[in-house]
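Each chain, letter by letter, is given below.
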Amino acid sequence: LAAAVEGKLLGTLRCAFSRDGARKVYVQDLLREDGREVWSLLGCRGGHLYICGGTAMGREVVLALQRTAVEHGKLSEAE
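Being a predicted model, the structure only gives us computed values, none of them experimental.

> How should unusual backbone geometry be read in this particular structure?
Glycine aside, residues mostly have negative phi angles, and peptide bonds mostly take the trans form. A positive phi is found at Lys-8, a non-glycine position, where the angle reads about 70°. Within the element layout of this structure, Lys-8 appears in the loop between helix H1 (2–6) and helix H2 (27–33). Since its relative accessible area comes to 72%, Lys-8 is described here as exposed. Phi angles above zero are rare outside glycine, and Lys-74 is one such case at about 60°. Structurally, Lys-74 can be placed in the segment after helix H4 (55–73). The exposed category is assigned to Lys-74, whose relative accessible area is 68%.

> Quick question: what am I supposed to make of the side chain of Gln-28 here?
Tracing the backbone through its elements, the reader meets Gln-28 in helix H2. Taking relative accessible area as the criterion, Gln-28 reaches 10% and is therefore assigned buried. Sequence-distant contacts of Gln-28, that is, excluding residues within four places in its chain, are made with Met-57, Glu-60, Val-61 and Ala-64.

> Honestly, a nonpolar patch on the surface in this entry has me stumped. Any pointers?
Together, Leu-1, Leu-10 and Leu-13 line one region of the surface with nonpolar side chains, adding up to about 270 Å² of accessible area. On the secondary structure map, Leu-1 appears in the segment before H1.

> What's the story with the confidence of the model for the protein in this structure? I'm lost.
In low-pLDDT segments, the atomic positions of the prediction should not be examined closely. Looking at the protein, pLDDT values average 90 and 100% of them are 70 or higher. At the low end of the mean pLDDT range in the protein sits H1, at 91; at the high end sits H2, at 94.

> Just to check I follow, could you spell out the side chain of Thr-68 for this structure?
Mapped onto the secondary structure, Thr-68 falls in helix H4. In contact with Thr-68, not counting residues within four places along its chain, are Leu-31, Gly-35, Val-38, Trp-39 and Gly-73.

> Where do I start with the packing of helix H3 (residues 35–44) against H4 in this structure?
In a packed pair of helices, the relevant descriptors are the angle between the two axes and the axis-to-axis distance. Relative orientation of the contacting elements H3 and H4 amounts to 90°, with a least axis distance of 9 Å. Judged on the interaxial angle alone, H4 and H3 are roughly perpendicular. Contact with H3, carried on its side by Gly-35, Arg-36, Val-38, Trp-39 and Leu-42, involves Leu-65, Thr-68, Ala-69, His-72 and Gly-73 of H4 and no other residues of that element. When its residues are assigned to classes, the contact of H3 with H4 shows five nonpolar, four polar and one charged.

About the thresholds
- Residues numbered from 1 in each chain as written.
- Predicted model: local features only at pLDDT ≥ 70, side-chain atom pairs only at ≥ 80, totals over all residues.
- Heavy atoms only, no water.
- Helix = DSSP H or I, 4+ residues; strand = E, 2+ residues; numbered from the N terminus.
- Buried < 20%, exposed > 50% of the residue type's maximum accessible area, 1.4 Å probe, protein only.
- Contact = heavy atoms within 4.5 Å.
- Patch = residues over 30% accessible without salt bridge, like charges linked within 9 Å, V, L, I, M, F, W, Y side chains within 5 Å.
- Areas by Shrake-Rupley, 256 points an atom, 1.4 Å probe, with all protein chains shown as cover.
- Salt bridge = Lys/Arg side-chain N within 4 Å of Asp/Glu carboxyl O.
- pLDDT = per-residue confidence, 0-100.
- Axes fitted to C-alpha atoms, helices over the stretch in contact; angles between N-to-C directions.
- Parallel < 35°, antiparallel > 145°, perpendicular 65-115°, else oblique.
- Nonpolar A, V, L, I, M, F, W, Y, C, P; charged D, E, K, R; others polar.

Set out below in structure tokens:
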């Protein structure tokens, strides 16, 4: 992945590690931190997001994405 960033195939790489190090970092935390950019990529520019991991983690990520759409995309909870 680092090579993809260096080769300009990826513009940004953010890694979340919940089991390494003293501070636990979760995917949904990074999505919330980067909400404006995430919405710009997914909601405005037709980007794609692929989620891999456990079911519980997936639910939390989907919830974070829904909150991002409401906050930055001005969508309703139902949308």
